[in-house]
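Per-entry structural report
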Amino acid sequence: MWETVTGPWPWYVSGPLLGLMVPILLILGNKEFGISSTFRQVCAAVLPARATYFSEYPWRDHLWNLTLALGVILGAALAVLFLGGNRAPQVSPATIDLFATWNVAEPTALQPAEIYGVAHAASARALVSLIAGGFLVGFGTRYANGCTSGHAIMGLSQLKVGSLVATLGFFAGGAIVSNFVMPWVMSL
Amino acid sequence: MSSRTFTTGAFVKYLLAGTYFGIVLVKGEVVSWYRIQEMFHFQSIHMYGIIGLAVLVGALSLLFLKAAHARSIEGIEIAPKGKPFNRVGNPAGGLVFGFGWALTGACPGPLYANLGAGYWPVLIAIASALLGALAYGYLRPRLPH
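All of the points below concern the structure found in this document. (Residues numbered from 1 in each chain as written. Chains lettered and ligands numbered in written order. Predicted model: local features only at pLDDT ≥ 70, side-chain atom pairs only at ≥ 80, totals over all residues. Heavy atoms only, no water.)

1. Quick notes on the overall build of chain B
- Broken down by element type, chain B carries six helices and zero strands.
- Its helices and strands taken in sequence order, chain B reads α-α-α-α-α-α from the N to the C terminus.
- Here the C-alpha coordinates of chain B stretch approximately 45 × 40 × 35 Å along the principal axes.
- The contacts in chain B between residues at least 6 apart in sequence include a share of 40% that link residues at least 24 apart.
- Working note: accessible area of chain B is about 6,100 Å², and carbon and sulfur atoms make up 69% of it.
- Of the charged side chains in chain B, 11 are positive and 4 negative; the average position of the first set lies 12 Å away from that of the second. (Helix = DSSP H or I, 4+ residues; strand = E, 2+ residues; numbered from the N terminus. Contact = heavy atoms within 4.5 Å. Areas by Shrake-Rupley, 256 points an atom, 1.4 Å probe, with all protein chains shown as cover. Lys, Arg positive; Asp, Glu negative; His and termini not counted. Charge placed at Lys NZ, Arg CZ, Asp CG, Glu CD.)

Shown next, in the form of structure tokens:
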């Protein structure tokens, strides 16, 4: 039984469990599922920013969202420490072949040492991935007014047109970069 | 007024909800760079199945909560408003976020989760994401939405 929990979770188990975030947050306090506005909250809370996007934002009213993010950090740590969370994903053989062309080894853990290993963090390809990628994630989620949680899961659950358009943008942008830009980034 | 409304009880309940979210993100491998590249190359059902079923469960939950006129544990009727449709902001911002999602292999929830999982270089991506949000805040008056 416990092996079922610590073993790999099939997508048809993880998906419904993820979807339960929608009713959980509504029942707990009428909160709409989302997490990327925490970037705005941190900027508003720690920087004396003059932009009205931050200075006129009542970040203290959104402490629940920062607390949710703190919980995510805690939950991820628990998953890795006690629930076998750091196992290598069983990606498809075609993906392993793709990684070989990118000079990325077959998965042996949850994340590739080539990008997320401390020993490789100063490599050009890791720095470009983390710095450029992080910046675009922060900028894009705020411009789109939501991320995979707020638009793709919460927004689509509500059948919102804007969330559908944003989600199509997420996948179009990701497919373009993963197919046409990543081969170059990974060759750095 | 605002800070006083966030009680210890509220802290505990959202911390627990986040903990659950973090466990599912890691155990579902949604945080994995490998899974994200596989998804964007359309080589597995894994991520599409997860997102698709999450939306299905989310939508059915909303229908049920609405039909039952359910209230939150604070006694207030559950009535999520959703996000407005921004004709330029949604597709343009969505595209930019997609670029970053493929580059880092992580969307915002997983950025936090990777920190908890002990993949310390993700701190660089989180710092950069805050800079990206800051840049957006300053450029916002000049961007079409």
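2. With respect to helix H4 (residues 89-104) of chain B
Residues and elements named next belong to chain B.
- Across its 16 residues, H4 extends 22 Å between first and last C-alpha, which sits within 8% of the 22 Å expected from 1.5 Å per residue.
- With respect to burial, H4 is a largely interior element, twelve of its 16 residues being buried.
- Considered for burial, the residues of H4 that qualify are Gly-89, Asn-90, Gly-93, Gly-94, Val-96, Phe-97, Gly-98, Gly-100, Trp-101, Ala-102, Leu-103 and Thr-104.
- The first or second residue beyond H4 is Gly-105, which carries a positive phi of 70°. (Expected span 1.5 Å × (residues − 1). Buried < 20%, exposed > 50% of the residue type's maximum accessible area, 1.4 Å probe, protein only.)

3. Re unusual backbone geometry
Residue and element names in this part refer to chain A.
- Of note, Asn-30 is a non-glycine position whose phi angle comes to about 60°, a positive value.
- Examined against the element boundaries, Asn-30 turns out to sit in the loop between helix H3 (21-29) and helix H4 (37-46).
- Although it is not a glycine, Leu-159 adopts a positive phi angle of roughly 55°.
- Mapped onto the elements, Leu-159 comes out in the loop between helix H10 (148-157) and helix H11 (161-185).
- Overall, Leu-159 belongs to the exposed group, its relative accessible area being 73%.

4. Examining the layout of surface pockets
- There is about 650 Å³ of room inside the largest pocket.
- In terms of lining residues, the largest pocket is bounded by 31 residues, among which Ser37(A), Tyr57(A), His62(A), Asn145(A) and Lys83(B) are the most central.
- Contributing elements (two or more residues each) for the lining of the largest pocket: H4, helix H6 (63-82), helix H9 (124-144) and H10 of chain A.
- Here the lining of the largest pocket takes three residues from H4(A), the largest share from any one element.
- Along the lines of polarity and charge, the residues of the lining of the largest pocket split into ten nonpolar, 13 polar and eight charged.
- Its boundaries defined by the atoms lining it, the second largest pocket holds a volume of some 310 Å³.
- Lining of the second largest pocket is provided by 15 residues; of these, Gln158(A), Leu62(B), Leu63(B), Lys66(B) and Pro80(B) occupy positions nearest its centre. (1 Å grid on protein atoms, 1.4 Å probe; cavity = no way out; pocket = protein on both sides within 12 Å on 5 of 7 lines; lining within 4 Å. Points joined across faces, edges and corners; volume = space filled by probe spheres on them. Nonpolar A, V, L, I, M, F, W, Y, C, P; charged D, E, K, R; others polar.)

5. Describing helix H5 (residues 108-116) of chain B
- For H5(B), the buried fraction is high: nine of the nine residues fall into the buried class.
- Taken together, the buried positions of H5(B) are occupied by Pro108(B), Gly109(B), Pro110(B), Leu111(B), Tyr112(B), Ala113(B), Asn114(B), Leu115(B) and Gly116(B).
- Buried residues belonging to H5(B) abut H4, H6 and H9 of chain A together with helix H1 (8-27), H4 and helix H6 (122-139) of chain B.
- One or two steps after H5(B), the chain reaches Gly118(B), where phi turns positive at roughly 90°.

6. What about the side chain of Asn86(B)?
- In this structure, Asn86(B) sits in the loop between helix H3 (46-67) and H4.
- Look at Asn86(B) and you get buried, because its relative accessible area is 19%.
- In contact with Asn86(B), other than residues within four places in its own chain, are Asn145(A), Pro91(B) and His145(B).

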